[in-house]
Amino acid sequence: MNAQASLAELRGRSSYWYRNQTKIAPILFLAPAFIMFLVFVVNPIIQSIWISFHEWDGLGDKVWVGLANYAELFDDELFYVSLWNNVIWLVLFMLSPVIGLAIALYLNQKVWGIRLVKSLFFFPFVISQVVVGLVFAWFYDPSFGLLGEVLGAFGGEPVPVLSDERFVTYGIVAAGLWPQTAYCMILYLTGLNNLDGEVIEAARIDNAKGWSMLYHIILPQLRPATFIAVVVTVIGALRSFDLVAIMTAGGPFGSSTVLAYYMYEQSLFNYRMGYGAAVATVLFLIMDIYIAFFLYRMLKQERRSG
């Protein structure tokens with residue numbers, strides 16, 4: 001009887017699996033990634049927000065201060081400088097999807113030597129941000145930099161870009177645009193290779209060409225690539241850190257600092273983990289609001305076109 005009961009129970013379990021395996025299998029495959037996402041992404045975000053309500057040097061006990069860190073933050077002049085610099089980064093970085101699309105359209109041709117040209121445009125994406133920062137720091141150097149030589153050839157004077165408060169942020173953003181444009185170009189090249197040829201041929205039969213073809217036929221099919229390019233560009237602009245750290249360390253006099261670098265400086269150099277976490281929380285909220293707004297606009301356009 002026991003053997004028969006066990007056999008009946010095993011058959012019941014097997015039949016349950018066969019009846020529900022299409023529902024259970026995706027859960028089993030997604031569970032490891034979902035658990036890692038919770039542990040390594042969601043958990044640090046929650047911990048960072050929790051730390052922002054404390055005064056903590058990273059070693060001793062946390063002291064609950066409520067919203068005191070945020071109150072101090074919004075009275076901090078350097079925070080507003082960092083926030084404004086992030087706005088500059090965000091606005092100017094939006095050039096990278098546009099320039100990347102233009103370069104991708106140019107490179108999406110079947111002519112001799114185009115692969116070599118593609119590799120030259122792809123090169124900035126594969127090199128380290130540290131190398132990019134050093135190259136542009138040498139480029140801007142007023143003593144021996146190429147920029148000074150070019151200006152001198154036209155009768156101008158060398159401009160100390162990285163030591164002038166008026167130009168330093170724009171100089172660093174220009175350095176960041178170089179690899180970011182290459183990344184957007186790759187996304188658009190992939191999208192152009194997946195265009196629906198039948199739709200394009202039908203549009204050509206209807207005498208669509210030039211800007212009309214681009215706006216009405218090609219760009220709508222590139223919306224997935226555009227979405228990824230914009231989201232990655234926004235994230236890159238708002239979390240800009242490495243180029244600032246390499247090229248100026250926030251100088252001169254804090255004029256080029258951004259929120260990510262200000263968070264790093266306050267947390268590790270001033271031993272104010274709670275204050276740094278408050279900066280990180282504000283940066284996280286700005287990033288979420290911007291991406292959510294862009295996603296809402298894109299979904300709204302999809303519904304209208306559908």
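Placed above this text is the structure.
If you're wondering where the values come from, they're calculated on a predicted model, not measured in any experiment.

Rules and cut-offs
- Within any chain, residue numbers begin from 1 and follow the written order of that chain's sequence.
- It should be noted that, the model being predicted, local features are given only for residues of pLDDT at least 70 and side-chain atom pairs only at 80 or more, the latter also being counted only at that level, while totals for whole chains, interfaces and linings use all residues.
- Calculated side-chain values reflect all of the structure's heavy atoms, with hydrogen atoms and water omitted.
- Secondary structure counts use DSSP, requiring at least four H or I residues in a row for a helix and at least two E residues in a row for a strand, with both numbered from the N terminus.
- Note that the radius of gyration is over C-alpha atoms, with the globule rule given as 2.2 Å times the number of residues to the power 0.38.
- Only protein chains enter the accessibility calculation, which uses a 1.4 Å probe. A residue is then buried if its area is under 20% of the maximum for its type, exposed if over 50%, and partly exposed in between.
- Contacts are assigned to residue pairs that have any heavy atoms within 4.5 Å of one another.
- Here, Shrake-Rupley sampling with a 1.4 Å probe gives the accessible areas, and only protein chains in the shown set may cover a residue.
- We treat Lys and Arg as the positive residues and Asp and Glu as the negative residues; His and chain ends play no part in the count.
- A charge is said to be at NZ when it belongs to Lys, at CZ for Arg, at CG for Asp and at CD for Glu.
- All axes here are fitted lines through C-alpha atoms, helices being fitted over the stretch that makes contact, and every angle between N-to-C directions spans 0 to 180 degrees.
- Angle categories are assigned with fixed cut-offs, so that under 35 degrees is roughly parallel, over 145 is roughly antiparallel, 65 to 115 is roughly perpendicular, and the rest are oblique.
- Crossing handedness follows the turn of the near helix against the far one: under a right angle anticlockwise gives a left-handed crossing, and clockwise gives a right-handed one.
- Each residue is assigned to one class: nonpolar for Ala, Val, Leu, Ile, Met, Phe, Trp, Tyr, Cys and Pro, charged for Asp, Glu, Lys and Arg, and polar for all the others, Gly among them.
- Side-chain atoms within 4.5 Å are what join buried Ala, Val, Leu, Ile, Met, Phe, Trp, Tyr and Cys residues into a set we call a nonpolar core.
- When two rings of Phe, Tyr or Trp (its six-membered ring) have centres within 6.5 Å they constitute a pair, described as stacked for plane angles under 30 degrees, edge-to-face for angles over 60, and tilted for the intermediate range.
- By definition here, a salt bridge exists when the distance from a side-chain nitrogen of Lys or Arg to a carboxyl oxygen of Asp or Glu is within 4 Å.
- Points on a 1 Å grid over protein atoms alone make up a cavity when a 1.4 Å probe fits among them but cannot get out, and a pocket when they form an open set with protein on both sides within 12 Å along at least five of seven lines; lining residues each have an atom within 4 Å of a point.
- Grid points are joined across faces, edges and corners, and a volume is the space filled by probe spheres set on the points.

### What to know about the overall build of the protein
So, point 1. A count of helices and strands for the protein gives 14 helices and 2 strands.
So, point 2. In summary, the protein has a C-alpha radius of gyration of 26 Å against a globular reference of 19 Å for 306 residues, an excess of more than 25%.
So, point 3. On the principal axes, the C-alpha backbone points of the protein span a range of 100 × 70 × 35 Å.
So, point 4. Counting every position in the protein, which comprises 306 residues, the buried fraction comes to 35%.
So, point 5. Residue pairs at least 24 apart in sequence account for 68% of intrachain contacts in the protein once pairs closer than 6 positions are excluded.
So, point 6. As displayed, the protein offers around 19100 Å² of accessible surface, 67% of which is attributable to carbon and sulfur atoms.
So, point 7. Taken as two groups, the 18 positive and 21 negative side-chain charges of the protein have centres that lie 20 Å from each other.

### Some words on the packing of helix α6 (residues 129-140) against helix α8 (residues 168-193)
The description of two packed helices rests on the angle between their axes and on the distance between the axes.
So, point 1. Between α6 and α8, whose axes approach to 10 Å, the crossing angle comes to 135°. Overall, the two elements α6 and α8 adopt an arrangement that is oblique. Like other packed secondary-structure pairs, α6 and α8 cross with a definite hand, here right-handed. For the pair α6 and α8, the contacting residues are Gln129, Val132, Phe136 and Tyr140 in the first and Gly171, Ala174, Ala175, Trp178 and Pro179 in the second.
So, point 2. For the contact of α6 with α8, the residue count by class is 7 nonpolar, 2 polar and no charged.

### Some words on the nonpolar core
Generally speaking, soluble globular proteins have nonpolar side chains that are buried together.
So, point 1. The biggest cluster of nonpolar side chains holds 37 residues, and the ones touching the most others in it are Leu73, Trp89, Leu162, Ile172, Leu243 and Met247.
So, point 2. Looking at this core, the elements with two or more residues in it are α2 (68-73), α3 (77-93), α6, α8, α11 (223-238), α12 (242-247), α13 (259-269) and α14 (273-305).
So, point 3. With residues near it in sequence (within four places) discarded, leucine 243 still touches Trp89, Gln129, Val132, Gly133, Ile172, Ala175, Gly176 and Thr248.
So, point 4. Grouped together as the second largest cluster of nonpolar side chains are 22 residues, Leu107, Leu187, Ala203 and Ala229 included.

### Some details on the packing of aromatic side chains
So, point 1. Counted under the stated rule, the structure contains 15 aromatic pairs.
So, point 2. Geometrically, the ring pair formed by tryptophan 89 and phenylalanine 93 is tilted, given 5.3 Å between the ring centres and 50° between the ring planes. Of the two residues, tryptophan 89 and phenylalanine 93 both sit in helix α3, 4 residues apart, roughly one turn of that helix. One exposure class covers both tryptophan 89 and phenylalanine 93, and it is buried.
So, point 3. An aromatic cluster is present here, built from Trp50, Phe53, Trp64 and Tyr70 joined pairwise through their rings.

### Overview of α13
So, point 1. Leu259, Ala260, Tyr261, Tyr262, Gln266 and Ser267 are the residues of α13 that are buried.
So, point 2. The positive-phi residue at the C-terminal boundary of α13 is tyrosine 271, with phi of around 55°.

### Quick word on the side chain of threonine 181
So, point 1. Residue placement: threonine 181 occurs in helix α8.
So, point 2. With a relative accessible area of 8%, threonine 181 lands in the buried category.
So, point 3. Excluding residues within four positions of it along the chain, threonine 181 makes contact with Ser96, Ile99, Gly100 and Ile103.

### A word on the pattern of salt bridges
Pairs can form between side chains of opposite charge once their charged atoms are near each other.
So, point 1. One pass over the full model with this rule turns up 4 salt bridges.
So, point 2. Linking aspartate 164 and arginine 166 is a salt bridge whose minimum nitrogen-to-oxygen distance equals 2.9 Å.
So, point 3. By relative accessible area, aspartate 164 is classed as buried at 14%.
So, point 4. In this structure, arginine 204 and glutamate 201 form a salt bridge, with 3.2 Å as the shortest nitrogen-oxygen distance. Here glutamate 201 and arginine 204 lie together in helix α9 (residues 197-205), a separation of 3 residues that amounts to about one turn.

### Details of the layout of surface pockets
So, point 1. Taken as a whole, the largest pocket holds about 530 Å³ of empty space.
So, point 2. Around the largest pocket sit 17 residues that line it, and Arg223, Thr226, Val230, Phe294 and Gln301 are the ones nearest its centre.
So, point 3. Counting residues per element, the ones that place at least two in the lining of the largest pocket are α4 (95-107), α10 (210-221), α11 and α14.
So, point 4. Per-element tally for the lining of the largest pocket: the top contributor is α14, with 6 residues.
So, point 5. Class assignment of the residues belonging to the lining of the largest pocket gives a composition of 13 nonpolar, 2 polar and 2 charged.
So, point 6. Looking at the second largest pocket, its volume works out to about 360 Å³.
So, point 7. In terms of lining residues, the second largest pocket is bounded by 19 residues, among which Gln129, Gln180, Gly236, Arg239 and Asp242 are the most central.
So, point 8. Of all elements in the fold, only α3, α5 (114-126), α8, α11 and α12 reach the threshold of two or more residues within the lining of the second largest pocket.

### Some remarks on the side chain of threonine 257
So, point 1. Tracing the chain through its elements places threonine 257 in the loop between α12 and α13.
So, point 2. When near neighbours in sequence (up to four residues on either side) are disregarded, threonine 257 contacts Leu78, Val81, Ser82, Asn85, Val244, Gly250 and Tyr262.

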